[in-house]
Amino acid sequence: MGKRYTQLSLEDRCTIAGLHAAGRSIRQIAADLHRPPSTVAREIKRNKGRKVGYQPAFAEEQARARRWKGSRPERNAGLRQAVLVRLAQGWSPEQVAGRLAREGALARVSHESIYRFIYTQIARTKDYSWRLYLPRAKSKRGLRGRKGGSAASFMQKRVGIDQRPPEVLTRETCGHWEADLVMFAKYGQAILTLHERRSRILFASRPDNKRADLIAAKIAALLSVVPEELRCTLTFDNGTEFARHYRLHELGCKTYFCDPHAPWQKGGIENAIGRLRRTLPRKTDLATLSQERFVELLGAYNAAKEVP
């Protein structure tokens, strides 16, 4: 049997640096590490800095960079094409990764690897059009700032999300919905969306305005086609357009609200809106969008939704 080799660890590199700085020879350092002298000589030669000499942390970074062959989408052209085609269709990285795994594809990839692949392309090429593959089209990762207060303290009959049944979070049962308004640049234009957490199906309507009475009536109309046993809970953010939420209790639907400034607590619909924005960006003039086209876009979303 041949010899078995292992990579030098950071601890090994610290030892090499200390002994080398103390004036020990290559053979003496190798004897201390129980390594061949050629390994130590090659390590110092390849991973030392021109100005700093041989430093353990720098050497570790150099070695890792040399071993890095790129992310899986970079190394596999077929996988890269499969990922980019789905992203271009408006799928999120999470959906792409989930579908590849569900289909039993030979080449799979995690959603985090897809995000890193896109952001790496932006950093390397300075081509910011790569960001358009992502649901939020952000060129950098991170949170956006927020201003203003919350209307939570003025909401009548408001029940916090902390009192919502735990099965809503785990998606174990159907009938748990999330609601939000998709706003557009032109004043007064919006789309009301309802998202069912387990099936991921999306309902939508185009209200004339966002008055609370009208929004409650529109939500009731959308839910009226759903069997009563599938109208269990509905989760909102703290927008004043949902102030008449208690009128939905007549449908047998309990209502809950996210914590102030925490819309991510209704992550299903936030993700859905991000995908919808791919075909309906904020600058869209809804007055020019026919009802037939609106229904077509909604159908395209539901056709590509994640399947539990």
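Residues numbered from 1 in each chain as written. Predicted model: local features only at pLDDT ≥ 70, side-chain atom pairs only at ≥ 80, totals over all residues. Heavy atoms only, no water.

Visitor: Explanation requested: the sheet that holds strand E2 (residues 190-196) in the structure shown.
Guide: Note on sheets: strands pair through backbone hydrogen bonds, and any given pair is parallel or antiparallel. Spatially, E3-E2-E1-E4-E5 is the arrangement adopted by the five strands of the open sheet, whose pairing is mixed. A single partner strand is all that each edge strand has here, and the edge strands are strand E3 (202-205) and strand E5 (254-257). Within the sheet, the average angular offset between the axes of one strand and its neighbour, ignoring direction, is 25 degrees. Of the strand pairs in this sheet, strand E1 (residues 176-183) and E2 are connected by seven bridges, and their pairing is antiparallel. In the sheet register, Ala-179 faces E2, and the bridge partner there is Leu-194. Docked against the sheet, helix H10 (residues 212-223) engages E1, E2, E3 and strand E4 (233-236), running at close to 45 degrees with respect to E2. Contacting E2 and E3, helix H12 (residues 291-303) runs over the sheet at an angle of about 165 degrees to E3. (Pairing = 2+ DSSP bridges. Helix = DSSP H or I, 4+ residues; strand = E, 2+ residues; numbered from the N terminus. Axes fitted to C-alpha atoms, helices over the stretch in contact; angles between N-to-C directions. Contact = heavy atoms within 4.5 Å.)

Visitor: What is the right way to look at the side chain of Arg-13 in this model?
Guide: Considering the arrangement of structural elements, one finds Arg-13 in helix H1 (residues 10-21). Non-local contacts of Arg-13, meaning those with residues more than four positions away in its chain, are made with Leu-8, Glu-43, Asn-47, Tyr-54, Pro-56, Ala-59, Glu-60 and Ala-63.

Visitor: What is the right way to look at the nonpolar core in this model?
Guide: Generally speaking, a soluble globular protein has its nonpolar side chains buried in company with each other. Counting residues in hydrophobic clusters, the biggest one holds 21 residues, and the most contacted among them are Leu-192, Leu-194, Ile-219, Leu-223, Leu-234, Phe-236 and Phe-242. Listing elements by their share of this core, those giving two or more residues are E1, E2, H10 and E4. Broken down by element, this core gets its largest block of residues, five residues, from H10. Sequence-distant contacts of Leu-234, that is, excluding residues within four places in its chain, are made with Trp-177, Glu-178, Ala-179, Leu-194, Ile-219, Leu-223, Leu-248, Cys-253, Lys-254, Thr-255 and Tyr-256. In terms of nonpolar packing, the next biggest core, distinct from the first, is built from 17 residues, Leu-100, Tyr-115, Phe-117 and Ile-122 among them. (Core = buried A, V, L, I, M, F, W, Y, C linked by side-chain atoms within 4.5 Å. Buried < 20%, exposed > 50% of the residue type's maximum accessible area, 1.4 Å probe, protein only.)

Visitor: Quick question: what am I supposed to make of unusual backbone geometry here?
Guide: The phi angle at His-34 is positive, at roughly 60 degrees, despite the residue not being glycine. The topology assignment puts His-34 in the loop between helix H2 (26-33) and helix H3 (37-47). We note that Lys-126 has phi near 60 degrees; this positive angle belongs to a residue other than glycine. You can see Lys-126 is positioned in the loop between helix H8 (111-125) and helix H9 (166-170). Looking at Lys-126, the relative accessible area reads 56%, which means it is exposed.

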